[in-house]
Amino acid sequence: MKRVLMLAAENGSIPRAKVGGMADVIRDLPAALAQQDVIADVIMPSYGFLAASVNAIKLAEFRVTFSGSRQSVSLLSIPHPDVEGAVIYFIDIQDGVFSGKPQEIYSQGSDERPFAEDANKFALFCLCVATVINEQLLPMPDLIHLHDWHSAMFALLSQYDENFQNLSTIPCVYTIHNLAIQGIRPLRDDSSSLSAWFPSLLEKLSSEQLESLIDPRYRHCINPMRVGINLCAKVHLVSPTYADEVLKPSDHDAGFFGGEGLEADLQRKQDSGALVGILNACVYDELADEASVAQSVKESQGRAKASVRDKLRDKGVSGAAARKRANTPELGNKQAQPRAVQGIDEQVDSWLGLLERMESALLRWQGDKQWVAGCDLIALTRIAGLWRRVWLSKDTHISKLQSADEPSRNKHKGPSMLVTSVGRLTDQKVLILRQRVLLANGQRVSVLESILQALAQAHPEGVFILLGSGDAEIAREFSGIAARYANFIFLNGYDEAVSDALYRNGDLFMMPSSFEPCGISQMLAMKAGQICLVHGVGGLRDTVADNETGYLFFGDSLAGQAESLLERFSDILGEYNSDKWQNMERLTRQQRFDWASSALKYKQALYGFS
């Protein structure tokens, strides 16, 4: 059985060790690889708290020289919670180098010195990992798998540092989760620079070696992302379409995000056969989901299903997996039927549960604050209005029933259309929503406001709920919109229970990313039978089939993308709850982007294991 060691900054298997989609991959991929006879261990920073939080056992103590000083380091471990025989290792720096807020994975940094704190701690992390492998403090892996720029300095040390020349014989592959974030730092003259981290190594690099490390746009800087691309045997992008997109130069003014300055390096990898695009995947509850899918297959009788599979198979996506159990009894999954034909009592529970989850999350977010944030107050006020709508509807219904001498029942079906979105507040995710458009009445508003106006006109009781945090400027903008539009609830944070409820209860999931390496949110929404409106880029294009499992929009410029998004939203309003819509919901729920299929591609195409 082959053994792989993964270096990663996040891990969804560990509480409070998740920030983004990388954590989901690091959590789910090892179990899938185990089914392919590959044991994947994971090593990550402890950040001063993770190892203790899971009662990790200390395996060894050692010292390294970093930035001119000796650092005391501990190597700790726990058995992998989901994979027999696999191990999760922690690097715990004892001298406070992992500075920043307590229990923080990433540091915010500053505009003047972007990535400075994070670049320091991840360069030290890579040095520590190289040391523990070199000193055989953990089993020697057959292959090392680096994830994103945080782990790329390991490739530099293993290939160019004479102290770790034994490591150069271990094959090393590199996964790019987000090419736009590259961790660029100066070569010299800064406390967070290559010369500060490894002064003797920098002086010994040949001009040819140095050329492979420096940023092609900023010649005085080292680019860790480029290090990983150029010094690893193979490079992996997390969807086939994204692997094509990064070979072209970015044109931000035209709304295209491609190679981000590294397209020439990636093209060389492509030309040598060392670039692969493998779609990330989603975890499914086999019993509940297969029963739900089997029921929807039976209902739809295979309508349009083959065309979706054919379209996506070319992109390396597995089609609907649950074709067995056609006679399996229904397991009570809320999404077993289209929302339009669900019982009203079932919708009551779903909608009221979502309102309760949103309120609870907002209250928890106030726990360490002296004052309630304006955006949270607006959200709480909007939710209170929705509760009033529930009770007014209930009272009206009771009055009608009592006047007819019938027993009273509490019924309220919630919003007539629920639009949802879950994601980070970054320009990657919401730049198109922020574009300004000119309406027929001469008013110039954002795309988001135009969507809210169209929703209110078509569905006066419709609601758009957006869950996400990140950029403070974007948060202020969305908070202002929430104050002006009663049908928009902006939740400035993240909460797993709210996120899950939005996936399960929404009618339309919106994901208008300017670029999307893979994306997990659209898969989770589709898993629950929620139709998606997405930009036709990256992993979104690989998972959503236009007019069959969702709606795609395109555009050769930001203005064109904004116009296309609004046109597709108008199409959706016209088709909502039609026979076509309900068939799309059934087909959406049938799709499977499973880890078993992706893990086989990892094993063969990326790792080169037979």
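Our structure is the block above this text.
A. Spotlight on the overall build of the protein chain. From N to C terminus, the protein chain includes 23 helices and 19 strands. Taking all 610 residues of the protein chain together, the buried fraction comes to 57%. Put simply, 71% of the contacts in the protein chain that link residues at least 6 apart link residues at least 24 apart. Accessible surface computed for the protein chain: about 24800 Å², of which carbon and sulfur atoms make up 48%.

B. Up close: the pairing of strand S2 (residues 38–45). Summarising burial for S2: eight of the eight residues are buried, a large majority. Pairing between strand S1 (residues 2–7) and S2: six bridges, direction parallel. By the bridge assignment, Leu-5 is partnered in S2 with Asp-41. Where the polypeptide runs from S1 across helix H1 (residues 21–34) and back to S2, its parallel neighbour, the crossover connection is right-handed. Both S2 and strand S5 (residues 87–93) contribute to a ladder of four bridges, which runs parallel. Paired with Ile-43 across the bridge in S5 is Tyr-89.

C. A look at the nonpolar core. Grouped together as the largest cluster of nonpolar side chains are 107 residues, with contacts concentrated most on Ile-43, Phe-90, Ile-91, Ile-133, Phe-154 and Tyr-607. The contacts of Phe-90, once residues within four sequence positions are left out, are Ile-14, Met-44, Pro-45, Ser-46, Leu-50, Ala-51, Val-54, Ala-56, Ser-74, Leu-75, Leu-76 and Ile-78.

D. Fine view of the sheet that holds strand S7 (residues 172–176). Overall, mixed pairing links the nine strands, which are arranged S3-S4-S5-S2-S1-S6-S7-S10-S11 in an open sheet. The open sheet has two free edges, formed respectively by strand S3 (57–66) and strand S11 (275–277), since each of these has just one partner strand. Adjacent strand axes in the sheet meet at a mean angle of 25 degrees when their direction is disregarded. Relative to strand S10 (residues 234–237), S7 is paired through four bridges, and the arrangement is parallel. Of the residues in S10, the one forming a bridge with Tyr-174 is Val-235. Contacts between H1 and the sheet are confined to S1, S2 and strand S6 (143–147), with S2 contributing the most and set at about 155 degrees to the helix. Contacting S7, S10 and S11, helix H10 (residues 263–271) runs over the sheet at an angle of about 90 degrees to S11.

E. Quick look at the pairing of S7. In terms of burial, S7 is a largely internal element, five of the five residues being buried. A two-sided burial pattern is seen for S7, the buried positions comprising Cys-172, Tyr-174 and Ile-176 on one face and Val-173 and Thr-175 on the other. Bridge count between S6 and S7: four bridges; the pairing is parallel. Looking at the pairing, Leu-146 lines up with Tyr-174 of S7. With helix H4 (residues 153–160) bridging S6 and its parallel neighbour S7, the resulting β-α-β unit is right-handed.

What counts and what doesn't
Residues numbered from 1 in each chain as written. Predicted model: local features only at pLDDT ≥ 70, side-chain atom pairs only at ≥ 80, totals over all residues. Heavy atoms only, no water. Helix = DSSP H or I, 4+ residues; strand = E, 2+ residues; numbered from the N terminus. Buried < 20%, exposed > 50% of the residue type's maximum accessible area, 1.4 Å probe, protein only. Contact = heavy atoms within 4.5 Å. Areas by Shrake-Rupley, 256 points an atom, 1.4 Å probe, with all protein chains shown as cover. Pairing = 2+ DSSP bridges. Right-handed = clockwise from strand over helix to strand, strands pointing away. Core = buried A, V, L, I, M, F, W, Y, C linked by side-chain atoms within 4.5 Å. Axes fitted to C-alpha atoms, helices over the stretch in contact; angles between N-to-C directions.

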